[in-house]
Amino acid sequence: FQPPSGSHWFGTDLFGRDVLARASHGTVTSILVGLIGAGLSVLIGSTLGALAGFSGGWIDDVIVWFYSTLDTIPYILLLSALAFLLGSGLETLCIAIGLTSWVGLCRLMRAEFMRHRDREYVQSAVALGASKTRQIFIHILPNTLQIILINFSLTFVGAVKSEVILTYLGLGVEVGTPSWGMMINDAKQELVRGVWWNLTAATLFMFVLVLAFNLFNDSLRTALDPKFKSNR
């Protein structure tokens, strides 16, 4: 161990590795998990929500029953169980996050499609002979993009936190992959020896990334939500 100095701003760990370099590489892992996990979640949630809200009937009943049942299970327990079944690894972690974090967007998209499907512009498209696919993707979906974008950025933040928690519990990325969760897990034993810089670097980098995306979420919502625009 070497404490923070001019040559190593956040010191070194037990194996002589630069802590700042590890935290920087952990940022790449978190961003990958956030982008892929949130992207998969948005794809599933928007597709099922659009299908349920536009079709109605038994299709709507089945989808509502499915996400309502899934929503009764605590998120972190469901994510941990799925990650345990799929095994550790960056790819499986992204899949687990994507498969467990789409319920909120699905519920919102269902409500939006139910609200838009009977509006005048959609009825005009039907009168002109527009197919159901065209009604969904050309006419209604563009009017819900602000919800998708805001939900994507929110899910990104949740995915970053989930990756850190699962890796800390041993269910996330594989050993050897740079991760803030791995650094925090290593730091719990190093704190007894007075080695605090490993934990500090991981939490500081995670704080900055989450704060940046939270500020981005607020700006995005202000820019896209008509209610905010009308109040300005």
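Throughout what follows, the structure given in this document is the object of discussion.

Definitions and cut-offs
- Residues numbered from 1 in each chain as written.
- Predicted model: local features only at pLDDT ≥ 70, side-chain atom pairs only at ≥ 80, totals over all residues.
- Heavy atoms only, no water.
- Helix = DSSP H or I, 4+ residues; strand = E, 2+ residues; numbered from the N terminus.
- Expected span 1.5 Å × (residues − 1).
- Buried < 20%, exposed > 50% of the residue type's maximum accessible area, 1.4 Å probe, protein only.
- Contact = heavy atoms within 4.5 Å.
- Axes fitted to C-alpha atoms, helices over the stretch in contact; angles between N-to-C directions.
- Left-handed = near helix turned anticlockwise from the far one by under 90°.
- Nonpolar A, V, L, I, M, F, W, Y, C, P; charged D, E, K, R; others polar.
- Salt bridge = Lys/Arg side-chain N within 4 Å of Asp/Glu carboxyl O.

**Digging into helix H3 (residues 75–86)**
Step number 1: The end-to-end C-alpha separation of H3 is 16 Å, in line with the 16 Å expected for 12 residues at 1.5 Å each.
Step number 2: Within H3, the full set of buried residues consists of Leu78, Leu79, Ser80, Leu82 and Ala83.
Step number 3: Residues of H3 that are buried sit in contact with helix H2 (57–71), helix H4 (90–100) and helix H8 (145–168).
Step number 4: Residue Gly87 follows H3 closely and has a positive phi angle near 95°.

**Topic: the packing of helix H1 (residues 19–55) against helix H5 (residues 103–116)**
Step number 1: The interhelical angle for the contact between H1 and H5, taken along N-to-C directions, is 35°, at an axis separation of 7 Å. For the pair H1 and H5, the crossing hand works out as right-handed. Contacts from Ser41, Val42, Gly45, Ser46, Leu48, Gly49, Ala50, Ala52, Gly53 and Phe54 in H1 reach Leu105, Cys106, Met109, Arg110, Phe113 and Met114 in H5.
Step number 2: For the contact of H1 with H5, the per-class residue count stands at 10 nonpolar, five polar and one charged.

**Digging into the pattern of salt bridges**
Step number 1: Tallied over the entire structure, the rule returns four salt bridges.
Step number 2: Here Asp71 makes a salt bridge to Arg107, at a shortest N to O gap of 3.2 Å. Highlighted residues: Asp71 in helix H2 and Arg107 in helix H5, separated in sequence by 36 residues.
Step number 3: Judged by relative accessible area, Asp71 falls into the partly exposed class, the value being 44%.
Step number 4: On the accessibility criterion, Arg107 (35% relative accessible area) is partly exposed.

That's the geometry; what it means functionally is another story.
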